[in-house]
Amino acid sequence: VKSETGFDHDLYHRFPTSEERPPAELEELKRIWCAPRGIEFLKAVNNNYVGLYYIGAAFLFFVLAGVLALLMRTQLALPLNGFLDQETYNQIFTMHGTVMMFLFAVPAVEALGILLLPQMLAARDLPFPRLSAYAFWAYFLGGSAFFCSIFVGLAPSGGWFMYPPLTSAAHSPGINADFWLLGIGFIEISAIAGAVEIVVGVMKTRAPGMGLDKLPIFAWAMLVFAALIVLGFPAIILATLLLELERALGWPFFDPLRGGDPLLWQHLFWFFGHPDVYIIFLPAAGMLSMIIPAVAQTPLVGHRLVVASMLVTGFISLWVWVHHMFTTGLPPLALNFFSLASMLVAIPAGVQVFAWIATLAAGKVRWSTPALFAVGSIITFTMGGLTGVMVGIAPFDFVVHDTYFVVAHFHYVLIGGMVLPLFAGFYYWTPMLSSRALSERLGCWVFGLIFSGVHITFFPMHITGLMGMPRRVYTYPGDLGWDVLNLTSTIGAFLIGAGVLIFIVDVFRKFRFAAEGNAGNVFGGGTLEWLPSGLYSNRSIPVVQSRYPLWEQKKIAEDVEEGRYFLPGSATGERETIVTSPVLAEPQYLQRMPGPGWPQFAAAVFTAGFFLGLTVQFYWPAVISGILAIASVVWWVWELDLPVKQKAADVGAGITVPAYASGPRSHGWWGMIVLIVVMAMIFLMLVFSYVYIWSQRPHLFPTDGDLAPMWLGVALNGVAVVLGVSARKLHDASPMSAAVLAVGSAAAIAAAFGVDAATAWNAGVRPQTDAYAALIFAFLSWQGVFVAVVMMMALYALARLAAGLLVRERPMTIESIALFLSYAAAQGAVGLLVARGFPALV
Amino acid sequence: MNGGVAALDPAGPQAAALADLSWILIVMFFAVTGVVLLATVISALPGGRAKALIGKRWIVVWGGLAFPAVVVTGLLIYSLAVTEKVTAGPASGVVRIRVAGEMWWWRVQYLDEQGVAFETANQIHIPVGRPVSFELVSTDVIHSFWVPQLGGKMDMIPGRTNTLRLQADEQGVFRGQCTEYCGGAHALMALEVVAQPQAEFDAWAAAQAQPAAATDHPGWALFADSGCGACHTVRGTDANGRIGPDLTHLVSRRTLAAAVQPNTPEALRRFIRHAGDMKPGLRMPDYERLSEADVAAIADWLGRRQ
């Protein structure tokens, strides 16, 4: 095997080692990774705890949104029913969709990633433990506040995709719609944080030897999941920002009377919304691809095809968003292109379905609750996928769009493709976390009720839709033949509810969290999460030689438990994990990890306070909370990049790796790059919005402006890039000059921004005037945020210098700042060229 | 208007093309579901030669890659023709009708060379056998226009005009409903399309184009004094409001409140007093200060004029 990093693969042959490990080693490991006690659970950052909190919260929201569904089904059981009034029903269906999509589905799969990935990759933890904890608390606090709006009648009622103008200030004057924007704002933050964590975790913290060809399918799925979040979520982030600006300040991005276009929202929303379906589905499909081999006791058939199909699905999912807009009056060319792209998804989906079927056939199925749910998923998801092909055909969509047929379709897809696999996963992985498995006897009932309930609820909806029943109606007439079908759906919904209720009872009866002394590998899985483990994950980190190490590497569990592999104890006396190379997973360095602490929790609380204050229009508390949130983040960041006690560490069998790294080897560099890609995608969506509005209303865009200020701004930003890059280069010689250059770079970015802002203001551009002016101010505002951030970063560099923390051996602080400065300056230059130059130059 | 599966019970060429497509897709759905179900059952149960055959990589390649590729290609080619058929513009002899979605009713304007020939609401008459071009607009929020027995749906988006071409080949009354969630009483925003022979249609159109007659009726005075004319137009009178539906020939309509209730004198009286009971959230205020007799007079006046 050719080495990726120069690491000698022969060193792997030193494992498993044969000498006795010192007895105190395991005790030290346990002490370092000890469980939080009492109130300390708020400080916890370990993935076992954060993952469990996360999945618990997501499940809570699933149950709450499910109760809302039962209320809706009760109302619709009979025609002209008076159980719920119109406004309440509208709030409930909006909350049901929003909570299911944003507070349950995305966080649930993200939670599973946080919970399972370190175990599957045999890492001690994910690379940014405090980021996971921050993401969780921001999501939980924000999501709870959002949900509570339903109890006081302040819940949004615009539908989960919140189309303006219905959601504009004119048609939704209350703060209900703002609650939606608030709730979504949190999930945006936590999803992005989770994506950074998962990309870097999967790429950089795998067990040595676990090359991409041996990466478990679930990890592949989470990688595509994270990539789609990075590419897809920016569209909804920008959309929510623009809508809030229109609602709060009257900047007309979507208002057609002032040059905006309601369809801009739909493009942005669905550019996020469709990938979101795969963001939810792919991790669940990844779970099935882990569970099915275990229940059939045979490797996944067509492993590479399945990996390829997930990558292809991720790619195609970025090119299908317009199929949600087939009835908006598009030209036939657009209809046909997006129809084709949508139908192509059937191919990678088909590959996965047949790979599961072939795997079941290749092995011998041992029936268990996970097996039942897995088989139920295959059938249900296939049916939803087929109706997906149907609605992907534009003329058929003309018929069923926005009817109950579509309601049936996406519930089949989301339940078959996500909820049933999730339950399979609950049953399958509970023994890994709990001292007892869930009940198999009750499991059959849970499966039977949920599976039959799903089909009884949703199959009739195909027919109700074809009969003409639109979605999102709080009632319907009794003389159209819709009543029997609706009553059937209601009965089915309560069967699902009964199944979930039994599941909850069983969880309370059986689930007892136990990282050590768990119930063990009761389903006979072959992947690393079934190694003996504790809060520190595995005692030692094995060398991986196969896709199913527990089936194919003899004695691996025993050797891992006896500390005969990498990192049998703690090399530095701190929390740590081995960082490996992205392709072949060769050990690169030892990452020291933060333990429990308050900063990320405080940051989450104050972030929540900030957004909540804005929503309920308590502006002063919001501002104070915002300042405290920033202070908490600074507190948090200050603890990064602290002095290293030892430059290198022995990670077992005499193999020594550095205890510090910078540049593309380091997890910090990767994290910053992923963050920058997110920022660049948000910016790209803003550029798209600008060009889109220009294409619809070109007359609003001046073509005769003076371009001199633009070129001045571009030049200043160019200087900023040079200064930023030089700061990193000079750091190795003189950290002080590096800090000064960083300050200079930030000042140049701010100067370019100042020139542009002054030019716009002096030319009389005011954001409320029309969509063009609003877009100019959107560019200015976005760059303005970056100016504020780079100024803070420059001050931070000076503070670190003053504190003596900016030293030659540890360039990560300046490196991260320099990366961000360079991006901010590049963005400023491109923003100027687009906003100022594009209409004149095209 | 019956309990049938409207989208599969076409009454015109566009709807027929869509219904044919729908049937093909429904057959495809059951066929493929059956295949996958069978394969899953075989693979999940013990033993058998079929099981041994399925448990190989070829099934992933042929079942997962090739099979969907062929099905999808076939469907796509067929669907291109259907798209062409339902979106193509007719040559000539087109009836032009502008329909505006309003929260939560339909403003219907019959167009001629000069512009708007006459306006009505919530009930659209069309001649059988002639192509109709609907110009779909909205001034408030997004709505969507759908009459399942006549064809596909099309959104009504503020700032745009979308064109939908439909045709009825048989007589009848076809129900439609708003399918884009438009807030509040979205559920109560239906309409009816009345397809009738050309001669009947011409007679209806001629009658609709006439202004209303007599204002020498106590109902008119009450109507005017109550300020109804601020929102409603009754052609031939001073009432020329543009906010609510044109009431000139209200009595000729089959339903009230956008196909929510049959248009009976009793229902009309209830609607005048408590419109919000029939359609919560609508902009028409309650008229409780009017006595039963006054309401009856207004209803009687509105009900007299043809």
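Our subject in this report is the structure included herewith. (Residues numbered from 1 in each chain as written. Chains lettered and ligands numbered in written order. Predicted model: local features only at pLDDT ≥ 70, side-chain atom pairs only at ≥ 80, totals over all residues. Heavy atoms only, no water.)

### A word on the packing of aromatic side chains
Logical step 1: Considering all chains together, one arrives at 94 aromatic pairs over all chains under this definition.
Logical step 2: Both rings, one in Phe396 of chain A and one in Phe405 of chain A, keep their centres 5.3 Å apart while their planes meet at 80°; by these two values the pair is edge-to-face.
Logical step 3: With a centroid separation of 5.1 Å and an interplanar angle of 70°, the aromatic rings of Phe701 of chain A and Tyr772 of chain A are classed as edge-to-face. Placement of the pair is Phe701 of chain A in the loop between helix H20 (667-696) and helix H21 (708-731) and Tyr772 of chain A in helix H23 (residues 771-802), with a sequence separation of 71 residues.
Logical step 4: Directly above the aromatic system of Trp761 of chain A lies the positively charged group of Arg766 of chain A, at a separation of 3.4 Å from the ring centroid.
Logical step 5: The side chain of Lys153 of chain B reaches across the aromatic face of Trp146 of chain B, ending 3.9 Å from its centre. (Phe/Tyr/Trp six-rings, centres within 6.5 Å; stacked < 30°, edge-to-face > 60°. Helix = DSSP H or I, 4+ residues; strand = E, 2+ residues; numbered from the N terminus. Lys NZ or Arg CZ within 6 Å of the ring centre and 35° of its normal.)

### Things to note about the packing of helix H3 (residues 86-121) of chain A against helix H5 (residues 176-204) of chain A
Helix-helix packing is characterised by the crossing angle of the two axes and by the distance between the axes.
Residues and elements named next belong to chain A.
Logical step 1: Between H3 and H5, whose axes approach to 10 Å, the crossing angle comes to 15°. In this view, H3 runs roughly parallel relative to H5, as classed from their interaxial angle. H5 is crossed by H3, and the crossing has left-handed handedness. Counted together, Gln91, Thr98, Phe102, Val106, Pro107, Glu110, Leu117 and Leu121 of H3 and Asn176, Trp180, Ile184, Ile187, Ser190, Ala191, Gly194, Ile198, Gly201 and Val202 of H5 form the full contact between these two elements. (Axes fitted to C-alpha atoms, helices over the stretch in contact; angles between N-to-C directions. Parallel < 35°, antiparallel > 145°, perpendicular 65-115°, else oblique. Left-handed = near helix turned anticlockwise from the far one by under 90°. Contact = heavy atoms within 4.5 Å.)

### Some thoughts on the pairing of strand E5 (residues 132-138) of chain B
Residue and element names in this part refer to chain B.
Logical step 1: Of all the 7 residues making up E5, 7 are buried; the element is thus mostly covered by neighbouring parts of the structure.
Logical step 2: Because side chains alternate across E5, one face comprises the buried residues Val132, Phe134, Leu136 and Ser138, and the other comprises Ser133, Glu135 and Val137, equally buried.
Logical step 3: Here 7 bridges tie strand E1 (residues 95-102) to E5, and the two strands are oriented parallel to one another. Following the sheet pairing, Val95 is matched in E5 by Val132. (Buried < 20%, exposed > 50% of the residue type's maximum accessible area, 1.4 Å probe, protein only. Pairing = 2+ DSSP bridges.)

### Description of the sheet that holds strand E3 (residues 115-121) of chain B
Residue and element names in this part refer to chain B.
Logical step 1: Taken in spatial order, the 5 strands of this open sheet run E3-E2-E1-E5-E8, and their pairing is mixed. In this open sheet, the two strands that pair with only one neighbour each are E3 and strand E8 (162-166). When strand polarity is set aside, the average angle formed by the axes of neighbouring strands in this sheet is 25°.
Logical step 2: Bridge count between strand E2 (residues 105-112) and E3: 6 bridges; the pairing is antiparallel. Note on E3: the bridge partner recorded for Asp112 is Gly115.
Logical step 3: Across the sheet, helix H4 (residues 198-209) is in contact with E1, E2 and E3; its angle to E3 comes to roughly 95°.

### Thoughts on unusual backbone geometry
Logical step 1: Geometrically, the link from Pro164 of chain A to Pro165 of chain A is a cis peptide bond, its omega value of 5° lying close to zero.
Logical step 2: Along the chain, Pro165 of chain A falls in the loop between helix H4 (129-148) and H5.
Logical step 3: Residue Met103 of chain B is joined to Trp104 of chain B through a cis peptide bond whose omega torsion reads 5°.
Logical step 4: Positioned with a positive phi, Leu80 of chain A is a non-glycine residue whose angle comes to about 55°.

### Quick look at the side chain of Ser570 of chain A
Residue and element names in this part refer to chain A.
Logical step 1: The topology assignment puts Ser570 in the loop between helix H17 (556-561) and strand E1 (575-580).
Logical step 2: A polar contact of 2.9 Å, which involves the side chain of Ser570, links it to the backbone nitrogen of Gly573.
Logical step 3: Separated by 3.4 Å, the side chains of Ser570 and Glu576 make a polar contact.
Logical step 4: Excluding its chain neighbours within four sequence positions, the residues that come into contact with Ser570 are Glu28, Leu29, Ile32 and Glu576. (Polar contact = N/O pair within 3.5 Å; in protein donor to acceptor, adjacent residues only side chain to side chain.)

### What to know about the interface of chain A and chain B
Logical step 1: Listed by partner, the interface residues are 82 residues for chain A and 76 residues for chain B.
Logical step 2: Summing both sides of the interface, chain A and chain B together bury roughly 6300 Å²; the carbon and sulfur share of this comes to 73%.
Logical step 3: In terms of surface lost to chain B, no three residues of chain A exceed Phe354, Phe398 and Leu466 of chain A, which account for 10% of the buried area on that side.
Logical step 4: Put simply, chain A and chain B have 1 salt bridge between them.
Logical step 5: For Arg160 of chain B, the salt bridge is made with Asp261 of chain A, and the minimal N-O distance between the two is 2.5 Å.
Logical step 6: Linking chain A with chain B are 17 residue pairs in polar contact (both at pLDDT 80 or more).
Logical step 7: Listed by contribution, the elements that provide at least two residues to the side of chain A that touches chain B are H3, helix H7 (262-296), helix H9 (332-344), helix H10 (346-362), helix H11 (369-392), helix H12 (394-400), helix H14 (440-466) and H20 of chain A.
Logical step 8: In terms of residue count, H10 of chain A provides more of the side of chain A that touches chain B than any other element does, 12 residues in total.
Logical step 9: Its residues assigned to classes, the side of chain A that touches chain B comprises 51 nonpolar, 24 polar and 7 charged. (Buried area = accessible area lost by both parts, 1.4 Å probe. Salt bridge = Lys/Arg side-chain N within 4 Å of Asp/Glu carboxyl O. Nonpolar A, V, L, I, M, F, W, Y, C, P; charged D, E, K, R; others polar.)

### Description of helix H19 (residues 619-638) of chain A
Given 3.6 residues to a turn, an α-helix orients residues that are three or four positions apart in the same direction.
Residue and element names in this part refer to chain A.
Logical step 1: The terminal C-alpha atoms of H19, which comprises 20 residues, lie 28 Å apart, in line with the 28 Å expected from a rise of 1.5 Å per residue.
Logical step 2: Looking only at H19, the buried set comprises Ala622, Ser625, Gly626, Ala629, Ser632 and Trp636. Buried residues of H19, seen end-on, are gathered within an arc of 125° and therefore sit on one face of the element. Projecting away from the buried face of H19 at angles above 90 degrees are the exposed residues Trp620 and Ile627. (Expected span 1.5 Å × (residues − 1). Arc of directions from axis to C-beta.)

### Details of the side chain of Thr403 of chain A
Logical step 1: Tracing the chain through its elements places Thr403 of chain A in the loop between H12 and helix H13 (404-433).
Logical step 2: When its relative accessible area of 0% is taken as the criterion, Thr403 of chain A is described as buried.
Logical step 3: A polar contact of 2.6 Å, which involves the side chain of Thr403 of chain A, links it to the backbone oxygen of Val400 of chain A.
Logical step 4: Setting aside anything within four residues of it in sequence, one finds Thr403 of chain A in contact with Gly465, Met469, Pro470 and Arg471 of chain A together with Trp146 and Lys153 of chain B.

### Observations concerning the packing of H11 of chain A against H14 of chain A
Residue and element names in this part refer to chain A.
Logical step 1: Contact geometry of H11 with H14 gives a least axis separation of 9 Å together with a crossing angle of 10°. With respect to H14, the element H11 is oriented roughly parallel. Taking contact as the criterion, the partners of Thr369, Pro370, Leu372, Phe373, Gly376, Thr380, Met383 and Thr387 in H11 are, on H14, Glu440, Gly443, Cys444, Val446, Phe447, Ile450, Phe451, Val454, His455, Phe459 and His462.

### Topic: a nonpolar patch on the surface
Residues and elements named next belong to chain A.
Logical step 1: Among the surface-exposed residues, Ile39, Phe41, Trp598 and Trp635 lie close enough to one another that they form a single nonpolar patch of about 410 Å² accessible area.
Logical step 2: With respect to the helices, strands and loops of the structure, Ile39 is situated in the loop between helix H1 (24-32) and helix H2 (47-76).
Logical step 3: The exposure class assigned to Ile39 is exposed, which follows from its relative accessible area of 58%. (Patch = residues over 30% accessible without salt bridge, like charges linked within 9 Å, V, L, I, M, F, W, Y side chains within 5 Å. Areas by Shrake-Rupley, 256 points an atom, 1.4 Å probe, with all protein chains shown as cover.)

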